[in-house]
Each structure stands twice: as C-alpha cells, then as structure tokens.
Amino acid sequence: MSFLRTVLNDSRIIHPPGFYIIGFETFPYISIYIIFLAFVYVVTLVFNILLIYIIARDHNLHTPKFMAVVSLAVIDVFLSTSIIPSMIKTFLFKDNFVPFNLCLLQMYMYSTAISLESYGLAVLAYDRLIAICFPLRQNLFNTLPIMSCIVGLTWVYNLGRVTYSTAIMTRLSFCNSVRVFSYFCDYAPVFRLACNDYTLQWSVASTSSMVNLMCPFTFIVLSYGSILVTVFRMKSVSSRMKALATCIEHLILVAVFYIPIFSIFLIGLYLRLIDPDQRVLSLSLASCIPPCINPIVYSWKTKEIKTRALALVYRMKTGP
C-alpha cells in the first residue's frame, strides 16, 4: 500500500490513503440489519423534516420550547446522515474502504451530532424546569431570544470542540494496520491504530465523552429533581398530573438516548462481557434509533404538533 507522507515538527507523519471498516465480522444477518437501518433512516428524515416544517409554518409554535424541538430535529437528521448512508455503502454494497479525509469528516460529523443530541435534551430540560418551577418568570428566563442564545452556544461549543479533537488526529502516523473494527470511522478505534503516541487523542476522547454526556445528564437529573419537588408542593392532584404530563415526551427521549449508551459502556467497562460484534451492534442501534423515535414521540405526545400534523394530512387528502 502506498502511503501519503507529511512533515510535522520535523517528524515524519504517515497518512494512509484510507481505512477499511470491518465491523460485524461474525454477524450472520448483516444485510437484513442494514436494510432495517435504511428504513429507519427514511423514517427519521420524513418525520424530522415534517416536524421542522410544521413548526416553521405555524407562528403559534414559534416559542422557546419548539425552538429547542426544531434544534433537536436538525441534530437528529445530522446524526443519522453521518452514519447510516455510510453503513449501507459499507455493509450492504460491500464497499468498506473510506478515504482518509472522508474518514475524518465522518468522525467530525458523528462526534458533533452525538454531543449536540445530549445537549439538546438538556436544553429541553431547561425549558421544562422554567415552565414548571418558575412559571411567573418565563418571560425573564425563557424567552425566544434567550433560547436562541442557549441553542446557538451549544452548537458553537460543540462545533469548536470537535474541530480541535478531529484536527489533532492528523498528528498521528498510521504505518501498520488500517482496519477499523467499528461500524464507521469511529474516533477511538481509529486512533488506536496509530504507531506513534496517541496519549493526547485518548485524553481528549475520554474527557470529552465524560463531560459531554455526564454534564447534560446531570443537569437533566437535577432539573427533574427540582420539578418533582415543585410538583409535590402543589395542592391540587389535577395540577400535579397536568404538570407531569408535559414532561412525558421529554423523559421518553432521555431514556431512549441515555439508557443504551450508559448500559453498553458500564457493562463493557466493569463486567467486560460484551462480545465485540454485539458491542458494535448495540452502539449502532443506540446511535440510529433515537433520531427516529424523537420526532414520532413529539408528534404524538405533544398536542400542538399532533393537531397540526393531522390537519396537514387531512389537507393533503382533500386537496386538489
């Protein structure tokens, strides 16, 4: 194999033409699984784009809550597009070679999207926290400009952070294996192939994973702790139920996103019982299923969205 050679700080850095993705080596029904993911991808695109369209067209839905919902829908499309099309190419059409620069691009897109997903759920928790715990101060703490700033800051932070973590991958030299055991150009499986020191990349990856999953999750847990305290101080049972009902769709999204990821990492870290192919399968499902479920949950559990979605379908059926 011919290698591209660059010079950095007077040291020879070897960049290969690309990498070979070799996940699912012992998985017997990989074609069926990828066809299933292709269906998931279509559903993800249709429902998220429909959700964005409904909110964008209806000025009554131009509120802080639905701005956060639109941001999450964009992230869902971003996340699914970063991995599912490449999985179809790799495992269905048996073309598992990924050029070096394209590998870095996919790494960048996925890392950004998965972090934004975590922060997007935290932003929605903030909306529920203000709405239930500080209802008289919503116009002070949760206006459309404030929500725009919060959403914008999460995007800028994650885009900048991942730009750095991806850029330092170019400092690594790949002079031995270029076989990536994963379902895409994943950060850790790629840097572990390097034949020079990857301590910096390992430190950035481990720190980023902990901070960008645990910080939003901790904020969500604390938010719902405050919400429960506020709810149980309400005198009316109907008021309690009404307040908790507004949180159901968000709690479903939090469970769908965090439970699989934490389960996989904790079992793999402490028990080490997960077969490599099973781990790759579980991680791919944990990345692909939430973006599909999120818009469906919001479409059917949120009265405003459900009403307008049904009205849109009715107009399409009765229209000329």
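Residues numbered from 1 in each chain as written. Predicted model: local features only at pLDDT ≥ 70, side-chain atom pairs only at ≥ 80, totals over all residues. Heavy atoms only, no water.

1. A few points about the overall build of the protein chain
Phase 1: A tally of regular secondary structure across the protein chain gives 11 helices and five strands.
Phase 2: Relative to the 2.2 N^0.38 estimate, which gives 20 Å for 320 residues, the radius of gyration of the protein chain is 22 Å and therefore close to what a compact globule would have.
Phase 3: Taken over the C-alpha atoms alone, the protein chain extends approximately 70 × 45 × 40 Å along its principal axes.
Phase 4: In the protein chain, buried positions account for 45% of the 320 residues.
Phase 5: Sequence-distant contacts, at least 24 apart, represent 77% of the contacts inside the protein chain between residues at least 6 apart.
Phase 6: For the protein chain, the exposed area adds up to about 16,600 Å²; of that, 69% sits on carbon and sulfur atoms. (Helix = DSSP H or I, 4+ residues; strand = E, 2+ residues; numbered from the N terminus. Rg over C-alpha atoms; globule rule 2.2 N^0.38 Å. Buried < 20%, exposed > 50% of the residue type's maximum accessible area, 1.4 Å probe, protein only. Contact = heavy atoms within 4.5 Å. Areas by Shrake-Rupley, 256 points an atom, 1.4 Å probe, with all protein chains shown as cover.)

2. Quick look at the packing of helix H7 (residues 199–232) against helix H8 (residues 237–245)
Phase 1: One way to put it is that H7 packs onto H8 with a least axis distance of 9 Å and a crossing angle of 160°. Relative to H8, H7 is oriented roughly antiparallel. Note that H7 runs across H8; the crossing there is right-handed. Residues Leu228, Val231 and Phe232 of H7 form the contact with H8, whose own contacting residues are Arg240, Ala243 and Leu244.
Phase 2: A per-class count over the contact of H7 with H8 returns five nonpolar, no polar and one charged. (Axes fitted to C-alpha atoms, helices over the stretch in contact; angles between N-to-C directions. Parallel < 35°, antiparallel > 145°, perpendicular 65-115°, else oblique. Left-handed = near helix turned anticlockwise from the far one by under 90°. Nonpolar A, V, L, I, M, F, W, Y, C, P; charged D, E, K, R; others polar.)

3. Considerations on the packing of aromatic side chains
Phase 1: Evaluated as defined, the whole model comprises 17 aromatic pairs.
Phase 2: For the ring pair Phe78 and Trp155, a centre distance of 6.4 Å and an interplane angle of 10° mean the geometry is stacked. You can see Phe78 sitting in helix H2 (residues 64–92) and its partner Trp155 sitting in helix H5 (residues 144–167), a full 77 residues away along the chain.
Phase 3: Ring centres of Phe100 and Phe174 lie 6.3 Å apart, and the angle between their planes is 65°; on these two criteria the pair is classed as edge-to-face. One end of the pair, Phe100, is in helix H3 (residues 100–133); the other, Phe174, is in the loop between H5 and strand S5 (179–180), and 74 residues separate them in sequence.
Phase 4: Residue classification places Phe174 among the buried positions, given a relative accessible area of 1%.
Phase 5: Taken together through their ring pairs, the aromatic side chains of Phe24, Tyr33, Phe36 and Phe91 make up a single cluster. (Phe/Tyr/Trp six-rings, centres within 6.5 Å; stacked < 30°, edge-to-face > 60°.)

4. A short note on the sheet that holds strand S3 (residues 18–21)
Phase 1: A sheet is described by the order of its strands in space; here three strands give the open sequence S4-S3-S5, paired in mixed fashion. Strand pairing shows two members of the sheet lacking a second neighbour, strand S4 (97–99) and S5, which therefore form its edges.
Phase 2: Direction of pairing for S3 relative to S4: antiparallel, over a ladder of three bridges. Bridging from a neighbouring strand, Tyr20 pairs with Phe97 of S4.
Phase 3: On top of the sheet, H3 reaches S3 and S4; it is set at about 90° to S4, its chief contact. (Pairing = 2+ DSSP bridges.)

5. Notes on the confidence of the model for the protein chain
Phase 1: With 93% of its residues at a pLDDT of at least 70, the protein chain reaches an overall mean of 88.
Phase 2: In the model, residues 5–10 has pLDDT below 50 throughout and makes nine contacts with residues more than four positions away in sequence or in other chains. (pLDDT = per-residue confidence, 0-100.)

6. A look at the pattern of salt bridges
Phase 1: One pass over the full model with this rule turns up four salt bridges.
Phase 2: Close ionic contact of Lys65 with Glu249 constitutes a salt bridge, the shortest N to O distance being 3.3 Å. Taken together, the positions of Lys65 in helix H2 and Glu249 in helix H9 (residues 248–271) put the pair 184 residues apart, joining distant regions of the chain. Of the two residues, Lys65 and Glu249, both sit in the buried class. (Salt bridge = Lys/Arg side-chain N within 4 Å of Asp/Glu carboxyl O.)

7. Observations regarding helix H11 (residues 303–318)
Phase 1: For H11, which comprises 16 residues, the first-to-last C-alpha distance of 22 Å matches the rise-based estimate of 22 Å (1.5 Å per residue) to within 8%.
Phase 2: Taken together, the buried positions of H11 are occupied by Ile305, Ala309 and Leu312. The buried residues of H11 occupy an angular sector of 60° when the element is viewed end-on, so they sit on one face. Facing away from the buried surface of H11 by more than 90 degrees, the exposed residues are Lys303, Tyr314, Arg315 and Lys317.
Phase 3: Against helix H1 (30–57), H2 and helix H10 (276–301) lie the buried residues of H11. (Expected span 1.5 Å × (residues − 1). Arc of directions from axis to C-beta.)

8. A short note on the pairing of S3
Phase 1: Both S3 and S5 contribute to a ladder of two bridges, which runs parallel. In the strand pairing of S5, Tyr20 is matched with Arg179.

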